[in-house]
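One-letter residues, chain by chain:
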Amino acid sequence: MTSEFSPSPQELPPELPKAVAHLAWGGGLLVTLLLPLIFLIAGYQSEVARMESALQAGVHKAVEQSRLPQGKKGRVLSPQEVMASLGWLEGKNSIRITNAAKLPVAEKKADLAFPVLTRTIPVSLGEDEIGQVELSRSLQSLLLYALFMLFPGLMLGVIVFISLRDLPMRVLHRTLQEIASRKATEEKLAKSLSIFSATLEATADGIFVTDTAGREVVSNQRFREMWKLGRSDSPLAANYETLAALGDQLQDPVAFSATLKELTAHAEANHGSVLELQDGRRFEWNSQPQFVNGQIVGRVSSFRDISERGRAEALLAIEKDVLEMVVCGNALKTALGVLASHVETLSGEMFCAILFRKIGEESGIVCASGHCLPNSVVDNIVYYGQDALDGVFAALTEQPDLLAQEPAGGFGDVIEGLGSNPVWEDYCALVARHAIKACFAVPIYSTAGAPLGVIVAHYRNPAKQPPHDRELMQVAANLASIAIERRQAEERLKVMAHYDALTLLPNRVLFHDRLNQALARAERGKNMVALMFLDLDRFKAINDTLGHDSGDQLLREVSERLRLCVREADTVARLGGDEFTLILEQINKPGDAAAVAGKIIEMLATSPILLRDQEAFVSPSIGITIYPVDGNSADHLLKNADFAMYRAKEEGGNGYRFFAAEMGSMTTDRLEIESGLRHALERDEFMVYYQPKLNLASGIITGAEALLRWKHPTRGLVPPSEFIPILEETGLIEQVGAWVLKTVCAQMRAWQDAGVLPPLIVAVNLSGRQLQRSNLSTTIAGILEETGLDPSFLELEVTESMLMHDPQCAVDLLMQIRNKGILHIDVDDFGTGYSSLSYLKQFPIDSLKLDKSFVDGLPDNEDDIAISQAVIAMAHSLRLTVIAEGVEKEEQLEFLRKNGCDTVQGYIISRPIPADAFALLVQESMGKSE
């Protein structure tokens, strides 16, 4: 795998490999042909030489054998002698001797194959005759040998071809790879130099490199900025000017020079120290030797500005001191005063003032100052500068453009130029009397962005402002924000822990504490204390009808009125819901408590409370108990006051009752009833009774209203008025209501299956808690499906006040029920609530039930007559039927029949009776009608 920095050879020109291949082919072919050609030429030359040598040798031999005398013109040979002298030649040879006329005189013929090589030599055949001897030989064998040499020539040509084809390419590749390697090395070197340069410039420290003689080699920009030096013309300029410039800025240049000499003498030593500059800055100096190939070539020094670190450490110490003071409960002004003193110390020139509002107050601005700000200035700010500071705080909240343009230091939250700012004009004039000028300020904001205060920087001479003061002030503002917000949070926690969030009255915890303190004081002073327990009458009806927001508004108004009815030393507390308690100390007699109770009743009952543009009247039920007459402990007194309050409520409310010993037994009965109700359902103690409904037109019983009854194991049948309200208060009504609905549906289905009764419509009352459940229609549909009852035989009754609690929600819920197939929905107790006719026509209802309170006065009371006639007429005009309940007299029945009432129920027909008795009553009614 190629490494990241391995060079890649350059691409070869596409025509170069082809040219090399052609060259290789040519070279290989040339070598292949050259070897046989050389062999042929060499063989030919050898053959020529042999033939010439043979001729010369033959002629010489012939001369020697003839031994003829040699004349002037040479020795004369005969052709036969010459021919005989050449007879020793081997192989096929053709010999011919010709005379001077080229005529053959002797000849030895041989059959020679083409090609033929012929060589001649002159020979003397007579005194004046010179002939020639011709020797001819075939070269065919030489040619065959030459052709045979093509095979080694071919092998040699292949070797040459391969060599010429691969060797140049390898050489080229190697050359290109070396070029690429060199280029990569240069790039790596350039990259390393770039990284070195970038690292050198990117570091937060100043880097200064010198040679062994102490001359500058290289330095980064940060170094020159720290030491306020200009950029050197040559980064490699070897000079001593830089070190001299450093020494000029130090508080102790002599020690610096001595250190440099020591490091020069001991080049291998490391060094670290802190340099103090004349302008107050502090640099951390570290120096170590620079090695190249194991040899020291110079020193590398780093300089780090630790001035901010010192300030940061000081600020951390300040933060620790101030927050410890706040946590330990010291006064906020004291803690912030310590902060201001520390800021002045770090600045050296500033007079610091921290201005903030008192916790929990809209006015009253506090000035926490450092030890340098004269007391006279602080007194002027506190006593004469409240109006000026109110304008400043208002501007911080209402004028976002109060902050001036961002200064050069980049501190965007600093308010600059206070002297020219109209908002600060009065404040600046106030402090200028003491030869102090307010120069800038930093707002103190909460984490939510709300203004908490402001820190103001003052100077004797504004020109001597240290450059870091703005940053210092911002840090102080953040710390002041933490301290103020923490103290505010502590105050809020105190309020949340001891005061009711809705009414801001003492809650149960603070009430018990104050009651115990009041009893302790009364015991020491032998005084009397009255404890009053107050509950609002019909508050639940108002809350359900007008909504919880109106209920909360009512509680707040009642709280204010209760405060007005007692002394400042007394306590009014809210225990929860609509229950209030009052502690009246140092009363002389129980009559004093009665007077306060009467005052409360009068103030609540006579002055209406406006809720949603409607006047609401609320009355209290008050129970009063006296210490030490009715008890010695807080719990005992509170329980007795609760007993007395319930007695006042049972007597109709809007009054007060003092505790009496017999009241305890009544409360015990209520607790016993509540405990029994929680187990009544599982013990099967509930029963359903049925009160018949008579149709006035036909005179027969057409249905009934299902009513809940409780058969206690020891008390027997408990009146509904005693246990129904407790079911409502405890929330058990939802579970019990579902049981009633299921029991009625199952009973009706049983009657229908038995076939002994005609089709009847039975009404079941729905509670307010059931109507608040969005799944009510699903629950009813599930019960109908489980029991198998047709929805058309079930009738549901809801009270008028339930519908008006949230009319739109009631419309939606009733429509959901209607969509489940339930066709009969009645409005019970009509005329006793706050119905609006515009809503009445929107409700999917079928009947209105005329309340018993309007039937009781018939036919004598004119008001009841008018109301009854109006309800009947209005219902019929809306195509609704009218059911009158509580009919007990014949005169009432006759009046209702004459005025068009559709259905009646009451004791005149029958009391509520068990299911079996109701079935017999219906059967008897059927027999009479027949």
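In this text, all values refer to a predicted model and were calculated from it rather than measured experimentally. (Residues numbered from 1 in each chain as written. Predicted model: local features only at pLDDT ≥ 70, side-chain atom pairs only at ≥ 80, totals over all residues. Heavy atoms only, no water.)

S.K.: Could you clarify how one ought to interpret the overall build of the protein in this entry?
M.R.: In terms of helices and strands, the protein carries 30 helices and 29 strands. In terms of overall size, the protein is more extended than a compact globule, its C-alpha atoms giving a radius of gyration of 64 Å where 930 residues would be expected to give roughly 30 Å. Projected onto its principal axes, the C-alpha positions of the protein cover 205 × 105 × 50 Å. Burial analysis of the protein (930 residues in total) assigns 43% to the buried set. (Helix = DSSP H or I, 4+ residues; strand = E, 2+ residues; numbered from the N terminus. Rg over C-alpha atoms; globule rule 2.2 N^0.38 Å. Buried < 20%, exposed > 50% of the residue type's maximum accessible area, 1.4 Å probe, protein only.)

S.K.: Is there a simple way to think about the side chain of D535 in this case?
M.R.: With respect to the element layout, D535 can be found in strand β14 (residues 528-536). The exposure class of D535 is buried, given its relative accessible area of 8%. A distance of 2.8 Å separates polar atoms of two side chains, one belonging to D535 and the other to K649. For D535, the residues in contact, after removing those within four places along its chain, are D578, E579, S619, P620, S621, M645 and K649. (Polar contact = N/O pair within 3.5 Å; in protein donor to acceptor, adjacent residues only side chain to side chain. Contact = heavy atoms within 4.5 Å.)

S.K.: Explanation requested: helix α20 (residues 720-730) in the structure shown.
M.R.: Note on helix geometry: an α-helix contains 3.6 residues per turn, so any two residues three or four positions apart are oriented the same way. For α20, the full list of buried residues reads F723, I726 and L727. One side of α20 carries all its buried residues, which in axial view fall inside an arc of 105°. In α20, the exposed positions that point more than 90 degrees away from the buried face belong to S721 and E729. Of the residues one or two after α20, G731 is the one with positive phi, at around 85°. (Arc of directions from axis to C-beta.)

S.K.: Hey, could you run me through the packing of helix α3 (residues 140-148) against helix α4 (residues 150-202) in this one?
M.R.: Two quantities define a packed helix pair, namely the angle between the helix axes and the distance between the axes. Two elements in contact, α3 and α4, have axes whose closest approach is 5 Å; the angle formed by their N-to-C orientations is 25°. Judged by the inter-axis angle, α3 sits roughly parallel to α4. Facing α3, whose interface residues are A146, L147 and F148, α4 presents L150, F151 and P152. Along the lines of polarity and charge, the residues of the contact of α3 with α4 split into 6 nonpolar, no polar and no charged. (Axes fitted to C-alpha atoms, helices over the stretch in contact; angles between N-to-C directions. Parallel < 35°, antiparallel > 145°, perpendicular 65-115°, else oblique. Nonpolar A, V, L, I, M, F, W, Y, C, P; charged D, E, K, R; others polar.)

S.K.: I keep staring at the pairing of strand β12 (residues 437-445) and nothing clicks. Help me out?
M.R.: A regular strand places its side chains so that they alternate between the two faces of the sheet. When you tally the buried positions in β12, you get 7 out of 9 residues, the bulk of the element. Relative to strand β13 (residues 451-459), β12 runs antiparallel, the two being bridged by 8 bridges. The partner of I444 across the bridge, within β13, is G453. Linking β12 to β13, which pair antiparallel, is a turn of 5 residues; within it G449 sits at a positive phi near 90°. (Pairing = 2+ DSSP bridges.)

S.K.: Would you explain the sheet that holds β12 in this entry?
M.R.: In a beta sheet, neighbouring strands are held together by backbone hydrogen bonds and run either parallel or antiparallel to one another. Strands sit in the order β11-β10-β13-β12 across an open sheet of 4 strands; the sheet is antiparallel. Of all strands in the sheet, those with a lone pairing partner are β11 (365-369) and β12, marking the two edges. Across the sheet, the mean angle separating the axes of adjacent strands is 25° when strand polarity is ignored. Together, β10 (351-357), β11, β12 and β13 form the strand contacts of helix α11 (residues 386-398), whose direction differs from that of β13 by roughly 120°.

S.K.: Where do I start with the packing of aromatic side chains in this structure?
M.R.: Describing an aromatic ring pair means giving the distance of the ring centres and the angle of the ring planes. One pass over the full model with this rule turns up 19 aromatic pairs. Taking 5.4 Å as the distance between ring centres and 85° as the angle between the ring planes, the aromatic pair formed by W227 and F303 counts as edge-to-face. Of this pair, W227 sits in the loop between α5 (221-226) and α6 (241-249) while F303 sits in strand β9 (residues 295-305), placing them 76 residues apart in sequence. When sorted by exposure, W227 lands in the same class as F303, which is buried. A ring pair is formed by F440 and Y459, whose centres lie 6.3 Å apart and whose planes are at 35°; its orientation type is tilted. (Phe/Tyr/Trp six-rings, centres within 6.5 Å; stacked < 30°, edge-to-face > 60°.)

S.K.: Before we go on, may I ask you to explain the domain arrangement of the protein in this structure?
M.R.: Interface size is commonly expressed as the accessible area that is lost once the parts come together. Taken as a whole, the protein is organised into domain 1 (15-64 + 78-143), domain 2 (203-228 + 239-309), domain 3 (329-496), domain 4 (519-662) and domain 5 (669-928). Of note, the centres of domain 2 and domain 3, computed from C-alpha atoms alone, are 42 Å apart. (Domains from an automatic or database assignment.)

S.K.: Honestly, helix α16 (residues 548-564) in this entry has me stumped. Any pointers?
M.R.: Relative to the 24 Å expected for 17 residues at 1.5 Å per residue, α16 spans 25 Å between its end C-alpha atoms, a close match to the ideal helical length. Three or more residues of α16 are buried, namely S550, G551, L554, L555, V558, S559, R561 and L562. Contacts from the buried residues of α16 go to β14, α15 (539-546), β15 (571-576), β16 (579-587), α17 (590-606) and β17 (609-611). (Expected span 1.5 Å × (residues − 1).)

S.K.: Got a minute to help me understand the UniProt feature "transmembrane region" (unreviewed entry) in the protein in this structure?
M.R.: Mapped onto this numbering, the UniProt entry gives "transmembrane region" (unreviewed entry) at residues 20-42 and 142-164. Summarising residues 20-42: 100% helix, 0% strand, and an end-to-end C-alpha distance of 32 Å. The span residues 142-164 is 96% helical and 0% strand by assignment, and the distance between its end C-alpha atoms comes to 31 Å. (UniProt positions renumbered as here; feature names shortened; annotations may be inferred.)

S.K.: Is there a simple way to explain the pattern of salt bridges in this structure?
M.R.: Should their charged atoms come close, side chains of opposite charge can pair. Applying the stated criterion to the full structure yields 34 salt bridges. One network of salt bridges, in which partners are shared, links K693, E705, E795, E797, D826, K849 and E885. (Salt bridge = Lys/Arg side-chain N within 4 Å of Asp/Glu carboxyl O.)

S.K.: Honestly, the pairing of β16 in this entry has me stumped. Any pointers?
M.R.: In terms of burial, β16 is a largely internal element, 7 of the 9 residues being buried. The pairing of β14 with β16 spans 8 bridges and is classified as antiparallel. Considered in β16, the bridge of D535 is made with E579. Hairpin connection of β15 to β16: 2 residues between the antiparallel strands, including G577 at a positive phi of 60°.

S.K.: Explanation requested: the environment of D902 in the structure shown.
M.R.: With respect to the helices, strands and loops of the structure, D902 is situated in the loop between α29 (890-898) and β29 (903-905). A residue is classified by how much of its surface remains accessible, and D902, at 24% relative accessible area, is partly exposed. D902 sits 205 residues away from A697 along the chain, and the two C-alpha atoms are 7.0 Å apart. Apart from the residues within four sequence positions on either side, D902 is in contact with L694, N695, L696, A697, H876, L880, T881 and V882. Within the structure, the side chain of D902 is placed 3.1 Å from the side chain of H876, a separation counted as a polar contact. Among the polar contacts listed, one links the side chain of D902 to the backbone nitrogen of V882, at a separation of 2.8 Å.

S.K.: Looking at this model, I keep getting lost on unusual backbone geometry. Mind explaining?
M.R.: Most peptide bonds are trans, and most residues other than glycine sit at a negative phi. Looking along the chain, the bond that leaves Y627 and enters P628 is cis, with omega of 5°. Residue position: P628 is located in the loop between β19 (620-627) and α18 (634-650). The backbone of R879 sits at a positive phi, close to 60°, despite the residue not being glycine. Counting through the fold element by element, R879 comes out in the loop between α28 (862-877) and β28 (881-885). Residue classification places R879 among the exposed positions, given a relative accessible area of 76%.

S.K.: In this structure, what is going on with the confidence of the model for the protein? I would like to understand it.
M.R.: If pLDDT is low for a region, its predicted coordinates should not be looked at in detail. Per-chain confidence: the protein averages 82 in pLDDT, with 91% of residues scoring 70 or above. Scored below 50 in pLDDT, residues 1-7 shows 6 contacts in the model against residues more than four places distant or in partner chains. Counting contacts from residues 402-411, a segment whose pLDDT is below 50, to residues more than four positions away or on other chains yields 19 contacts. (pLDDT = per-residue confidence, 0-100.)

S.K.: What is the right way to read the packing of α16 against α17 from this model?
M.R.: Between α16 and α17, whose axes approach to 10 Å, the crossing angle comes to 140°. Regarding the angle of α16 to α17, the classification is oblique. In this structure, α16 crosses over α17, and the sense of that crossing is right-handed. Residue-level contacts link V558, R561, L562 and L564 of α16 to K599, I600, M603 and L604 of α17. Of the residues belonging to the contact of α16 with α17, the class tally is 6 nonpolar, no polar and 2 charged. (Left-handed = near helix turned anticlockwise from the far one by under 90°.)

S.K.: Would you mind going over the sheet that holds strand β20 (residues 655-658) with me for this structure?
M.R.: Pairing in this open sheet of 5 strands is mixed, and the strands run β15-β16-β14-β19-β20 from one edge to the other. The outermost strands of the open sheet, each flanked by one partner alone, are β15 and β20. On average, each strand axis in the sheet is inclined to that of its neighbour by 20°, with strand direction left out of account. Where β15 lies against β16, 5 bridges are found, and the strand directions are antiparallel. Across the sheet, A573 pairs through a bridge with T581, a residue of β16. Lying on the sheet, α16 is in contact with β14, β15 and β16; it crosses β16 at an angle near 5°. Strands in contact with α17 are β14, β16, β19 and β20; relative to β19, the strand with the most contacts, it is inclined by about 165°.

S.K.: How do you make sense of the nonpolar core when you look at a structure like this?
M.R.: Nonpolar side chains in soluble globular proteins tend to end up buried together. Ranked by internal contacts, the top residues of the largest apolar core, which has 77 residues, are Y690 and L896. Dropping the residues within four chain positions of it, L896 is found in contact with L696, L850, L858, A884, V887, C901 and V904. Counting residues in hydrophobic clusters, the runner-up holds 34 residues, among them V322, M325, C352 and I455. (Core = buried A, V, L, I, M, F, W, Y, C linked by side-chain atoms within 4.5 Å.)

S.K.: Please explain the side chain of E47 as it appears in this structure.
M.R.: Structurally, the position occupied by E47 is in helix α1 (residues 15-66). Contact partners of E47, with chain neighbours within four places excluded, come to L117, R137 and L139.

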